[in-house]
Amino acid sequence: MSSARSAHILHLGVLGLLFAAFFLLPAYHQGNLARILVLAVYAMGYNLLFGYTGLLSLGHAVFFAAGMYGLGLAMHLGGATPAPAFLAGMIAALLVAGVIGSLALRTVGVAFMIVTLMFAQAGYLTILYFGTYTRGDEGFVIPQTARALWGFDLTDPTNRYFAALILFAVVLLFIGWLVNTSFGRSLIAIRENEERARMLGYDVQRAKWIAVTLSGLLSGMSGAAYALLFGYAGATFASVQYSILPLLWVLLGGAGTTIGPLVGTIFMFYLIDFASEVTSAYMLVAGVAFVLLTLFAPTGIAGELRRRALPWLP
């Protein structure tokens, strides 16, 4: 069986398992999994840039927040319905990612990482400065009555779960397709050896800009979906913490793998959830787990599976 066919079966199997999980899990875990699926889309957007292109960003929270506030403000202040508001969130994230990408890619290496962090902080401070509209750290709630998409009430746990699953499925299949295209291969070539990719005739700067823009768009879609499905937008989601989290999810799950972001998000979410029931120092537990995984599984959970047993793992 070819690697492409195996990868396709794996993706469909993961989606089938997530579909079945709704009917097998209790309500508490259904709600958790809906949140995880939305955040996993954020992680997949980050993985496209970090895992496949080799660009380490510390500013992805600005894209997540752009999508969140694009949708949230369109509904909160503009009275838009969910569909055009979601489109507004995507456009906001796309524009922000395009502009930041064109500026940040003037730098390389550590400088790129620092510049993206600065842009994220600028975005966070902008949200606080325009607190009259954004409500700053307090944020604002999107009324339940407004969260109905094409007749489906997204406040209903069943509808919310399957809306999150559909979004996740679309992005997973898109990433699975993209990394096998000539463009996806060019991103991997840039990650492995940028100078050689340039010598082979690839337009490296253009490819990296498209990667930043696509990564920001997917992250913004996650932010818009989070605001719509869970009814809240706040400046906390633009803070440094939400730039670090997708990096941790991707590292834990496996950078440069299609299912790694989901695995890492599930692992970290439940580790913190369980640890918080035992101790108030739950982040210390998460930190220790991260260090241990870095030492004994440096390529992440899915990455180690690919290295040790499943070389076809996408």
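Because the structure is a prediction, the values reported are computed rather than measured.

Colleague: Help me understand the nonpolar core in this model?
Modeller: Leu18, Tyr161 and Phe168 are the most contacted members of the largest nonpolar core, which totals 98 residues. Leaving out residues up to four positions away in the same chain, Tyr161 has contacts with Leu18, Ala21, Phe22, Gln30, Leu33, Ala34 and Leu37.

Colleague: Even after reading the chapter, I still don't get the pattern of salt bridges, so can you show me in this structure?
Modeller: Pairing of side chains with opposite charge becomes possible as their charged atoms draw close. Per the counting criterion, the structure on display carries 7 salt bridges. Measuring nitrogen to oxygen at the nearest pair gives 2.8 Å for the salt bridge that ties Glu138 to Arg135. On the accessibility criterion, Arg135 (36% relative accessible area) is partly exposed.

Colleague: What is the right way to look at a nonpolar patch on the surface in this model?
Modeller: Where nonpolar side chains cluster on the molecular surface, the patch consists of Leu284, Val288, Val291, Leu292, Leu295 and Phe296 and spans about 630 Å² of accessible area. Of note, Leu284 is situated in helix H13 (residues 282-296).

Colleague: Just to check I follow, could you spell out the environment of Ser215 for this structure?
Modeller: Considering the arrangement of structural elements, one finds Ser215 in helix H10 (residues 204-230). On a C-alpha basis, the gap between Ser215 and Leu94 in space is 9.1 Å, while along the polypeptide they are 121 residues apart. Each residue touching Ser215, except ones within four places of it in the same chain, is listed here: Gly45, Tyr46, Leu48, Leu49 and His60.

Colleague: Would you take a moment to explain helix H12 (residues 260-278) for this structure?
Modeller: Given 3.6 residues per turn, any residue in an α-helix points the same way as the ones three and four places further on. With 19 residues, H12 should cover 27 Å at 1.5 Å per step; its first-to-last C-alpha distance of 27 Å lies within 8% of that length. Of all the positions in H12, only Gly260, Pro261, Leu262, Gly264, Thr265, Met268, Tyr270, Ile272, Asp273 and Ala275 are classed as buried. Turning to H12, the residues buried within the fold contact helix H1 (3-24), helix H2 (27-50), helix H7 (157-178), helix H11 (241-253), H13 and helix H14 (300-308).

Cut-off values and rules
- Residues numbered from 1 in each chain as written.
- Predicted model: local features only at pLDDT ≥ 70, side-chain atom pairs only at ≥ 80, totals over all residues.
- Heavy atoms only, no water.
- Core = buried A, V, L, I, M, F, W, Y, C linked by side-chain atoms within 4.5 Å.
- Buried < 20%, exposed > 50% of the residue type's maximum accessible area, 1.4 Å probe, protein only.
- Contact = heavy atoms within 4.5 Å.
- Salt bridge = Lys/Arg side-chain N within 4 Å of Asp/Glu carboxyl O.
- Patch = residues over 30% accessible without salt bridge, like charges linked within 9 Å, V, L, I, M, F, W, Y side chains within 5 Å.
- Areas by Shrake-Rupley, 256 points an atom, 1.4 Å probe, with all protein chains shown as cover.
- Helix = DSSP H or I, 4+ residues; strand = E, 2+ residues; numbered from the N terminus.
- Expected span 1.5 Å × (residues − 1).

Remember, this is a structural readout, not a statement about activity or role.
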